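Next come the chains, spelled out residue by residue.
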Amino acid sequence: MGVLKIGVLASGRGTNLQAIIDAARDGRLQARVVVVISDKEQAYALQRAAKAGIPHFFINPGAYPSKDSYERVIVDILRQHEVELVCLAGYMRIVGPVMLETFPNQMMNIHPSLLPSFPGLHAQRQAVEYGVRFSGCTVHFVDEGVDTGPIILQAVVPVQQDDDEESLAARILEQEHRIYIEAIRLFQEGRLMVEGRRVIIN
Ligand code: GAR
């Protein structure tokens, strides 16, 4: 098994991106982040990529007439960098058919809840407001839905009585960084098999 070439898509501050970069650098992952793409010009994730010397691109969705044409540009960049696994790390857009067909079961997402609970935006706020005792995070393969793809790994985080959105999000984030690396490692080792909705770990 060679070094896995990862492309990361991010819209924001990029702490999950940083966790992947760090794990690849210090040898916990047999992987390399070869390109970072953002739909937001100001995303701090792009600065993290710059600091790490990783090629990075802002692609403005507003500059393209359709989702397909926007995604074709992204796919071209990913292909140019010979990406084998696409990691969505706080990428706040629904992925369309162009990307899905190019990277079938080769695209992962991290979401800050125990899916299928609380998909979509503000998952941590939804958990606090609902009053659940446990929340957490999920790494899953990406499909055409919003946070619906086959689940690879989850981590449970207890909700404390005095939690608000921020405090719960901070504890969940620690677990996100841990399980995202673990899921990538399983992928790199060729140990993930998708059977319908289920992911078998060999
Ligand atoms: C993370 O909490 C991630 O799980 C969430 O956005 C945050 C990005 O943080 N993603 C979603 O809600 C996707 N539906 P980061 O930019 O510091 O990695």
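Our next topic: the pattern of salt bridges. Summed over all chains, the structure comprises nine salt bridges. In the salt-bridge network here, residues are joined through shared partners; they are Glu 182, Arg 185, Glu 189 and Arg 191.

With that out of the way, let us pick up the packing of helix H5 (residues 123-130) against helix H6 (residues 165-188). Where H5 contacts H6, the axes come no closer than 9 Å and their chain directions differ by 120°. When the axes of H5 and H6 are compared, the pair comes out oblique. Both H5 and H6 take part in a crossing whose hand is right-handed. Contacts between H5 and H6 involve Gln 124, Arg 125, Ala 127 and Val 128 on the former and, on the latter, Glu 165, Leu 168, Ala 169 and Ile 172. Taken together, the residues that form the contact of H5 with H6 break down as five nonpolar, one polar and two charged.

Turning to its location among the elements, Tyr 91 is positioned in the loop between strand S4 (85-88) and helix H4 (97-102). Along the primary structure Tyr 91 and Gln 30 are separated by 61 residues, whereas in three dimensions their C-alpha atoms are 23 Å apart. Look past the residues within four positions of Tyr 91 in its chain and what remains in contact with it is Leu 9, Ala 10, Ser 11, Asp 39, Tyr 70 and Ile 74. Here Tyr 70 takes part through its side chain, which lies 2.8 Å from a polar atom of the side chain of Tyr 91.

Conventions used here
Residues numbered from 1 in each chain as written. Predicted model: local features only at pLDDT ≥ 70, side-chain atom pairs only at ≥ 80, totals over all residues. Heavy atoms only, no water. Salt bridge = Lys/Arg side-chain N within 4 Å of Asp/Glu carboxyl O. Axes fitted to C-alpha atoms, helices over the stretch in contact; angles between N-to-C directions. Helix = DSSP H or I, 4+ residues; strand = E, 2+ residues; numbered from the N terminus. Parallel < 35°, antiparallel > 145°, perpendicular 65-115°, else oblique. Left-handed = near helix turned anticlockwise from the far one by under 90°. Contact = heavy atoms within 4.5 Å. Nonpolar A, V, L, I, M, F, W, Y, C, P; charged D, E, K, R; others polar. Polar contact = N/O pair within 3.5 Å; in protein donor to acceptor, adjacent residues only side chain to side chain.

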